[in-house]
Amino acid sequence: MSESKGRREFLKSAAALGAAVPVGAAAQTKSEHAQHGTHPAPKAAAAQSRPYMFLSQAEVAFLDAAVSHLIPKDELGPGAKEAGVTYFIDQQLFGGYGSMAKKYTQGPWPEGTPQQGYQSPLTPSGVYRAGIQDTNKYCQKTYGKTFDQLARAQQDEVLKGLDGGKIELEQVRSQFFFNMMLNNTIEGFFADPVYGGNRDKAGWKLVGFPGVAAVYTTFIEKHGVPYKAQPVSIADITGRLAKVDEHGHPIHVMIHDDKAGA
Amino acid sequence: MATRLKPVDVVTVGVGLTGTILAKELAESGLKVVGLERGAWRDTQSDFAMPYAHDELRYARRHELMQDLSRETLTFRNSTNDLALPMRYMGSFLPGEGVGGAAVHWNGVTWRFLPWDFETRSRTLARYGASQLAEDCTSQDWGVTYDELEPHFDRFEYLYGICGKAGNLKGKVQDGGNPFEGPRARDYPNPPMKTSHVGAIYAKAAKELGYHPFPAPSANMTRPYTNPYGVTLGACVYCGYCERFGCEMGAKASPQTTVLPVLMKNPNYELRTLSRVIKVNLDSDKKRAVSVTYVDSRGREFEQPADLILLTSYVFSNVRLMLLSGIGKAYDPAANTGVVGRNYAYQTNGNVTAFFEDKVFNQFMGAGALSMMIDDLDGDNFDHTGLGFIGGGWIGAASSGARPIDFHPVPQGTPRWGSEWKKQVSRYYNRAFGINTHGACQSYRGNYLDLDPTYRDAYGLPLLRMTFDFRPNEYKMSEHLTKKAAEIAKAAGATKMSVTPRTGKYSIVPYQSTHNTGGVAMGADRATSAVNKYLQSWDVHNVFVVGASAFPQNGGYNPTGTVGALTFHALDAIKSKYLKQPGPLA
């Protein structure tokens, strides 16, 4: 626990100093995933480009494992882990979301009723930190290993236990932690890739969402005709990878395939 | 110590939909008007530009355009027996912050309430008798009728360029419009929106069942439109980013696209942003307001004297400022006395999600108010004998933008995560749509707003406390409407559906609607209303409180059209009566 914290603080300060070498340690996990483990030693440049800013290495390992169950990689395409959702969560927790910017944070904090919503004295970054620690503690006690080291079936069992509230955590309610993780995973899978998730627009491709909208004035009346476009992200437009009209709407490139509407 | 500023004629507390219209009209008549806005300046070019405008995480999930709760929120409990706790995150409703207010991020559905809505109590008693109303129901007549408001609805619709099809022109029912609406003097200024695939399917099914579908009245422009103030709005491109977003096309009516370009040029008007009003100051006998106190972005306190003080903020801020300033007696639900905070109501929404196997809908296209609706089951448009409730709501199928973080429906029984969830999301994202049942909400003795005894805002002032829950009338109404919606979904060919009437305790967590109403209710009797029929405080005659805070209960409609009509109604009273002879108008 304290080791993880020390590591995190070190990484944070290293990142703040702009130090190149130490950042790679945390980023290594991510980089390996991005490359499907084919390159065990990440290139320094790639590792530095997207450093984890909040999560420790242990927390990255935990979330990589967890989100790969929430939205798994399967015959339909990449899952949350492949789509960079762990990195998305890291960035969210490091920023305003993690510290409850623009939210009411004054006490006191009685638990309240479900109808009263979020009443924790912890911010989301604190919820993750506590939830991961406690879940790993539970896994150590029950299986003798941390969550990321468990077999997939055991991981699935643990996640179901958190989801259903059957596993009790010490510092944070298990369902509260689980629901936050699930919500953020769905966000990271479907949010614009500028936030670090939805890599390769995997989420958008899964459902056929075109991302930044084009002008649909004509197509809205083409009832029953599927609109199949290559999805466009904010960065595609700012990076001039997508053509735009005079108001800045992308001109979508349509996908022509035989399975249209299937 | 507050710095005392040079007196002006008029102050508006809040620079949103109501504050901009009142300021524009009064400044034009020669009065010096100051607009005080707690948030920042926002405009189409500078703040809602492409491609950043189309960012679901930033706007829909992280609430970029909405109230900063770290400064001020409210507390909530279901009943007086519970302990109220602060709303730490927004969920159920989304008040705005900054110039334009919530009218920047609204969808744009712009109704007129029914003639019946303005006379809820007397018409219910006349048709059904006292037994139809719950014992603790405090719903009442508004003190103003539809006929009195008709010209003001008209002015607002032409100012905001509303797109629709008249259903009742001077008493003559029109094909293709809403046959249940009150008579209107003329048609909408702009033609209705195009019909989406979902709209066409829904309308066909509803018609087959004997209902009267029509396109929703919309503030998303169907063509470029120049309003009577000379401001031109762009045409909607059906991009599907309306509610919770600003419009990059200037095609959604808002203060920015209808009033501000003219208002900001008027030398009689001064806008002060990042200025938070904390109190309205009264004279020694508490019959007249003399000034407002506000804090600016450098923490400086100012006192702004004015002859006329218009509270033009969102419902909660209007009510809270009345309570903080001691204008009118605070409501006490135990004794059922007092008026400020009384008759808080909301919206009772249900939903049917309809799933199809053989159709695709492209629901990511659309516009905030792109919807086909029926009004057959709203207000008293149907016989309530034996139903055990009053009121109703519209039932409609919208194409308002299916952004995938929030919209990824799965059939009932699907796990919440894992491979099966992913499979169903992928299968039904483009093969499902929702039918909303947008129900009214009556007012009750135990539903009210007051000041919280524990929690405070960033300025050390007590937060507003909401005590609210739905009542049997609302549950029965929602069940009735949602059952009918399910019949329409079935007739439309849905193979699976999730039917969700409003059940259980009211929760502040899931989004329902930003249609909070009441707390400074209007009426003909000062014992049961905080403002008279002109929205003038009964107690402090130079304070007018303009907004949905004046609704004595909520109808089965989105409130904005009626808020607009009340604004012009109050304006007329101020211009033609009050300014000539300041004093109580009723």
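Residues numbered from 1 in each chain as written. Chains lettered and ligands numbered in written order. Predicted model: local features only at pLDDT ≥ 70, side-chain atom pairs only at ≥ 80, totals over all residues. Heavy atoms only, no water.

A.B. asks: I tried to follow the overall build of chain B on my own but got confused; where do I start?
C.D. replies: Per the secondary structure count, chain B includes 12 helices and 24 strands. Taking 2.2 N^0.38 as the reference for a compact globule, 586 residues should give roughly 25 Å; the C-alpha atoms of chain B span a radius of gyration of 23 Å, in line with that estimate. With the C-alpha coordinates aligned to their principal axes, the bounding extent of chain B is approximately 70 × 55 × 50 Å. Sorting the 586 residues of chain B into buried and exposed places 67% on the buried side. (Helix = DSSP H or I, 4+ residues; strand = E, 2+ residues; numbered from the N terminus. Rg over C-alpha atoms; globule rule 2.2 N^0.38 Å. Buried < 20%, exposed > 50% of the residue type's maximum accessible area, 1.4 Å probe, protein only.)

A.B. asks: How should the overall build of chain A be read in this particular structure?
C.D. replies: Counting secondary structure elements, chain A contains 10 helices and zero strands. The order of α-helices and β-strands along chain A, N terminus first, is α-α-α-α-α-α-α-α-α-α. With 262 residues in all, chain A has 49% of them scored as buried. Of the contacts formed within chain A by residues at least 6 apart in sequence, a portion of 59% connects residues at least 24 apart. As displayed, chain A has an accessible area near 12200 Å², and 54% of this comes from carbon and sulfur atoms. (Contact = heavy atoms within 4.5 Å. Areas by Shrake-Rupley, 256 points an atom, 1.4 Å probe, with all protein chains shown as cover.)

A.B. asks: What is the right way to look at the sheet that holds strand 8 (residues 214-215) of chain B in this model?
C.D. replies: Residues and elements named next belong to chain B. In space, the six strands of this open sheet follow the order 8-17-18-19-16-22, with antiparallel pairing throughout. Edge positions in the sheet fall to strand 8 and strand 22 (496-500), since each has one partner strand and no second. Inspection of the sheet shows strand 8 paired to strand 17 (residues 366-374) by two bridges, in the antiparallel sense. Following the sheet pairing, Pro-215 is matched in strand 17 by Met-372. Sitting on the sheet, helix 11 (residues 472-491) is in contact with strand 16 (348-355), strand 17, strand 18 (393-400), strand 19 (432-439) and strand 22, with an inclination near 20° to strand 16. (Pairing = 2+ DSSP bridges. Axes fitted to C-alpha atoms, helices over the stretch in contact; angles between N-to-C directions.)

A.B. asks: Hey, could you run me through the confidence of the model for chain B in this one?
C.D. replies: Low pLDDT marks regions whose predicted coordinates should not be analysed in detail. Here chain B averages 98 in pLDDT, while 100% of its residues score no lower than 70. ipTM for the predicted complex: 0.97, alongside a pTM of 0.93. (pLDDT = per-residue confidence, 0-100.)

A.B. asks: In this structure, what is going on with the packing of helix 5 (residues 85-94) of chain A against helix 8 (residues 174-190) of chain A? I would like to understand it.
C.D. replies: Two measures define how a pair of helices packs: the angle their axes make with one another and the distance between the axes. Residue and element names in this part refer to chain A. Viewed as axis vectors pointing N to C, helix 5 and helix 8 meet at an angle of 110°, and their least axial separation amounts to 9 Å. Looking at the two axes, helix 5 sits roughly perpendicular to helix 8. Along the contact surface, helix 5 presents Val-85, Phe-88 and Ile-89, while helix 8 presents Asn-184, Thr-185, Glu-187, Gly-188 and Phe-189. Among the residues forming the contact of helix 5 with helix 8, the class breakdown is four nonpolar, three polar and one charged. (Parallel < 35°, antiparallel > 145°, perpendicular 65-115°, else oblique. Nonpolar A, V, L, I, M, F, W, Y, C, P; charged D, E, K, R; others polar.)

A.B. asks: Any chance you could explain the pairing of strand 21 (residues 462-467) of chain B here in plain terms?
C.D. replies: Regular strands place side chains that alternate from one sheet face to the opposite one. All names here are of chain B. Taking burial as the measure, the six residues of strand 21 include six buried ones, the bulk of the element. Of the strand pairs in this sheet, strand 4 (residues 74-77) and strand 21 are connected by four bridges, and their pairing is parallel. Its bridge partner lying in strand 21, Arg-77 is registered against Thr-467. As paired elements, strand 20 (residues 448-456) and strand 21 share five bridges and run antiparallel to each other. Across the sheet, the residue bridging to Arg-456 is Pro-462, located in strand 21. Connecting strand 20 to the next strand, strand 21, in antiparallel fashion are five residues, including Gly-460 with a positive phi near 85°.

A.B. asks: I'm lost on the sheet that holds strand 20 of chain B in this one. Help?
C.D. replies: Strand pairing in a sheet takes place through backbone hydrogen bonds and is either antiparallel or parallel in direction. Residues and elements named next belong to chain B. Read across the open sheet, the four strands follow the order 5-4-21-20; overall the sheet is mixed. Single-partner strands in this sheet number two, and they are strand 5 (85-86) and strand 20. Both strand 4 and strand 5 contribute to a ladder of two bridges, which runs antiparallel. Note that in strand 5 the partner of Phe-76 across the bridge is Leu-85. On top of the sheet, helix 9 (residues 315-325) reaches strand 4, strand 20 and strand 21; it is set at about 120° to strand 21, its chief contact.

A.B. asks: Would you explain unusual backbone geometry in this entry?
C.D. replies: Backbone geometry follows two general trends: most residues other than glycine have a negative phi, and most peptide bonds adopt the trans configuration. Cis geometry is adopted by the peptide bond preceding A:Pro108, which originates at A:Gly107 and carries an omega value of 0°. Mapped onto the fold, A:Pro108 is located in the loop between helix 5 and helix 6 (124-143). Cis rather than trans, the peptide bond between B:Met50 and B:Pro51 has omega equal to 0°. Considering the arrangement of structural elements, one finds B:Pro51 in the loop between helix 2 (44-47) and helix 3 (56-61). In this model, A:Lys201 sits at a positive phi of 55°, which is unusual for a non-glycine residue. Considering the arrangement of structural elements, one finds A:Lys201 in the loop between helix 8 and helix 9 (202-207).

A.B. asks: Can you walk me through the interface of chain B and chain A in this structure?
C.D. replies: Reports of interface size often rely on the accessible area that becomes lost once the parts have come together. At the interface, 72 residues of chain B touch 76 residues of chain A. Taken together, the two surfaces of chain B and chain A that pack against each other cover about 6000 Å², and 62% of this comes from carbon and sulfur. Where chain B packs against chain A, one counts five salt bridges. Of the charged contacts, one joins A:Glu187 and B:Arg62 as a salt bridge, the two residues approaching to 2.6 Å between their closest N and O atoms. Across the contact surface, chain B and chain A share 39 residue pairs in polar contact (both at pLDDT 80 or more). (Buried area = accessible area lost by both parts, 1.4 Å probe. Salt bridge = Lys/Arg side-chain N within 4 Å of Asp/Glu carboxyl O. Polar contact = N/O pair within 3.5 Å; in protein donor to acceptor, adjacent residues only side chain to side chain.)

A.B. asks: Hey, could you run me through the pattern of salt bridges in this one?
C.D. replies: Think of it this way: side chains of opposite charge can pair up when their charged atoms draw near. Residue and element names in this part refer to chain B. Applying the stated criterion across every chain, the model contains 40 salt bridges over all chains. Note that Asp-380 is salt-bridged to Arg-127, the shortest N-O span being 2.9 Å. Taken together, the residues Asp-380 in the loop between strand 17 and strand 18 and Arg-127 in helix 4 (residues 120-128) connect sequence positions 253 residues apart. Under the relative-accessibility criterion, Asp-380 is labelled buried at 14%. What makes Arg-127 partly exposed here is its relative accessible area of 45%. The structure contains a network of salt bridges with shared partners spanning Arg-38, Glu-72, Glu-97, Arg-276, Arg-320 and Asp-457.

A.B. asks: Where do I start with the pairing of strand 14 (residues 301-311) of chain B in this structure?
C.D. replies: All names here are of chain B. Most of strand 14 sits inside the fold, with nine of its 11 residues counted as buried. By the bridge criterion, two bridges tie strand 1 (residues 3-4) to strand 14 in an arrangement that is parallel. Across the sheet, the residue bridging to Thr-3 is Phe-302, located in strand 14. Across five bridges, the pairing between strand 2 (residues 8-13) and strand 14 is parallel.

A.B. asks: Can you help me understand the packing of aromatic side chains in this one?
C.D. replies: Each aromatic ring pair is summarised here by two numbers: the centre-to-centre distance and the angle between the ring planes. Using the criterion set out here, one finds 51 aromatic pairs over all chains in the structure. With a centroid separation of 6.0 Å and an interplanar angle of 55°, the aromatic rings of A:Tyr227 and B:Phe364 are classed as tilted. Taken together, the residues A:Tyr227 in the loop between helix 9 and helix 10 (234-238) and B:Phe364 in the loop between strand 16 and strand 17 connect one chain to another. Judged by relative accessible area, A:Tyr227 falls into the buried class, the value being 9%. Feature note: the residues B:Phe76, B:Phe93, B:Tyr314, B:Phe316, B:Tyr344, B:Tyr346, B:Phe468, B:Phe470, B:Tyr475 and B:Tyr506 constitute an aromatic cluster, connected by ring pairs. The side chain of B:Arg186 reaches across the aromatic face of B:Tyr158, ending 3.4 Å from its centre. (Phe/Tyr/Trp six-rings, centres within 6.5 Å; stacked < 30°, edge-to-face > 60°. Lys NZ or Arg CZ within 6 Å of the ring centre and 35° of its normal.)

A.B. asks: What is the right way to read the environment of B:Tyr128 from this model?
C.D. replies: Residue and element names in this part refer to chain B. Relative to the elements of secondary structure, Tyr-128 occurs in helix 4. For Tyr-128, a relative accessible area of 14% gives the class buried. The spatial distance from the C-alpha of Tyr-128 to the C-alpha of Leu-535 is 30 Å, given a sequence separation of 407 residues. There is a polar contact of 3.0 Å between the side chain of Tyr-128 and the backbone nitrogen of His-384.

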